[in-house]
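Observations on the model geometry
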Amino acid sequence: MNPRLSTTRVFQVVLFLGLFALAARNVTDPDVWWHLKTGQYIAEHKSVPHTDPFSYTRAGQPWVAHEWLSELLMYNLLRATGWGGLIVIFAAALTAAFWLLYLRCGPASYVAGVATLCGAWATAPVWGIRPQVLSLLLTSLWLLILERSEHNPKLLWWTLPLTLLWVNLHAGFALGLALSALFLAGEWIERALGHSRQSASYPRMMALIFLVDILIVPLNPNGLQMFSYPIETLRSAATQNYIAEWASPNFHRAEYWPFLVVVLSMFAVLSCSHLKLRARDLLLLLVSLYAALSSIRLMPLFVLVAVPLVSTRLGNWPRSSSAPQRPKATVGTLLNAVIALAMALFGGVHIAQVIQRQPLAETEHFPANAVAFLQLHQPPGRIFNHYDWGGYLIWKLYPSTLVFIDGRADLYGQQLFDQFADTYQFKGAWQQPLQHWSIDTVLVPSRSPLATGLRSSPGWTVRYEDSQAVILTALPTAIRTQPAAAKPAIAKPSL
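Notes on the structure follow. The model shown is predicted, which means the values in this text are computed figures rather than measured ones.

An ideal rise of 1.5 Å per residue puts 22 Å on 16 residues; helix α8 (residues 201-216) measures up with 23 Å between its terminal C-alpha atoms. Its buried side turned inward, α8 meets α5 (131-148), α6 (159-169) and α7 (173-192).

Turning next to the pairing of strand β2 (residues 439-445). On a regular strand, each side chain points to the face opposite its neighbour's, so the side chains alternate between the two faces of the sheet. The buried fraction of β2 amounts to six of the seven residues, a majority that puts the element mostly inside the structure. Here strand β1 (residues 382-385) pairs with β2 via four bridges, running parallel. Counterpart to Ile383 in the pairing with β2 is Thr441. Bridge analysis of β2 against strand β4 (residues 469-474) gives five bridges, and the strand direction is antiparallel.

Here the focus is the sheet that holds β2. Strand order in the open sheet formed by four strands is β1-β2-β4-β3, with mixed pairing between adjacent strands. Pairing within the sheet leaves two strands with one partner each, and these edge strands are β1 and β3 (460-465). Within the sheet, the average angular offset between the axes of one strand and its neighbour, ignoring direction, is 25°.

In a regular helix each residue adds 1.5 Å, so 18 residues correspond to 26 Å; α5 covers 26 Å between its end C-alpha atoms and thus fits that length. The element α5 is extensively covered by neighbouring structure, given that 14 of its 18 residues are classed as buried.

With that settled, the discussion passes to the packing of α5 against α7. One can describe the packing of α5 onto α7 by two numbers: an axis separation of 10 Å at closest approach and a directional angle of 25°. Viewed along their axes, α5 and α7 adopt a mutual orientation that is roughly parallel. The handedness of the crossing between α5 and α7 comes out as right-handed. Between α5 and α7, the residues in contact are Thr139, Trp142, Leu143, Leu146 and Glu147 and Leu175, Gly176, Leu177, Leu179, Ser180 and Phe183, respectively. A breakdown of the residues in the contact of α5 with α7 according to their chemical character gives seven nonpolar, three polar and one charged.

Attention shifts here to the packing of helix α3 (residues 68-103) against helix α4 (residues 109-123). With their axes 9 Å apart at the nearest point, α3 and α4 run at an angle of 140° to one another. Put simply, α3 runs oblique to α4. Viewed along their axes, α3 and α4 form a crossing whose handedness is right-handed. Of the residues in α4, those in contact with Phe98, Leu101 and Tyr102 of α3 are Ser109, Ala112, Gly113, Thr116, Gly119, Ala120 and Thr123.

Reading the values: rules and limits
Residues numbered from 1 in each chain as written. Predicted model: local features only at pLDDT ≥ 70, side-chain atom pairs only at ≥ 80, totals over all residues. Heavy atoms only, no water. Helix = DSSP H or I, 4+ residues; strand = E, 2+ residues; numbered from the N terminus. Expected span 1.5 Å × (residues − 1). Contact = heavy atoms within 4.5 Å. Buried < 20%, exposed > 50% of the residue type's maximum accessible area, 1.4 Å probe, protein only. Pairing = 2+ DSSP bridges. Axes fitted to C-alpha atoms, helices over the stretch in contact; angles between N-to-C directions. Parallel < 35°, antiparallel > 145°, perpendicular 65-115°, else oblique. Left-handed = near helix turned anticlockwise from the far one by under 90°. Nonpolar A, V, L, I, M, F, W, Y, C, P; charged D, E, K, R; others polar.

Below you can see the structure in the form of structure tokens.
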């Protein structure tokens, strides 16, 4: 049989073509729009912004554009290839991340493949066209380098250019440094316990390269700020309270069940396996599990750590005979070729359909028609916008219209998020932000509490409305007052 069409090789081809197809998704992330506009801003101004240019609530305030290189790449990709290029490139990045995970899952191809597929399924909630995907890819590569450096320490030098690239792509570079620190701590623990497998020079070399990695961090447009930015983001009250991805996974929702399966499988396999868990691996598992249970956004870190440990302890299935086998008949080769070709065709058709559906996905998730109305009829005064639509307005209306809020929680802070929540929910002192910021136009979902309340307010009138969005404007001479019948408080919207 042609080795390129062996059953094992075709299994790998089918697995990763399938992952590539599944990773191709429409652009529905609310943040992608301000990422693209930031990339356009950098391309046009030939500089990275250090203050906010997109909102009136934080205009001129310091802003750390930590994803500047990702945003520039995204914008240039969109300009050169359209949405299709962005969808395909980010799907390829996700597939590459799981290919690197597969390489760490042991020599049993089928076990490694199934384990990799389960890991990919568990991280699906954070997939999309977003800079975090590039961080996922680099985290997977970083772990591969660290593990294989035990047999080839010179591989550690590759972390230097990776750090330089990563610190300019995304603040997730801190994960790479954290993993290096945990590997180094694990090596010292094993050495103290007398279990180390390496020579004395290995931890010294790792510590030296780790120090150089740290010295590389300031080589970015934000300089030394990138040391503190990841910590400030993790400690941000606005991020923790309002951004769903920074909350713990809710196992009442089916989308997080695959992650729960990975966690439970990890405990089951490690408790039954005769292979002893290394101190380093235990340290990595504990830290990554805590991170994943604290934040949905960090679930991939645990998956990348845990899946290889589970896979390598499941053995070889199905077991292969040690005796040499005669080549299979041509029929088997032909069947494998047909299977691989069928998966390639399926993947190609699926991705083409995803790309074709992009305009429809945009209109389904974002107020495209309402924004088109605003492009023809300049809104009077400042605009109060729904949080999830802020990035879209930035992409479509900047610089003529600035936004109240968008997905940059680190920029806006807890106080402004509280103002937005109270106004959007039409409760408490809901009118104060509108008065304080001299807001004359409101763009929110048609069925939102604010839209319902303002329709009955004497000082506001509907200028545009469809099934998705409503635009209300303040009457020039009307006095904005809260209706006599106060609305009951409702739960905070999912941001």
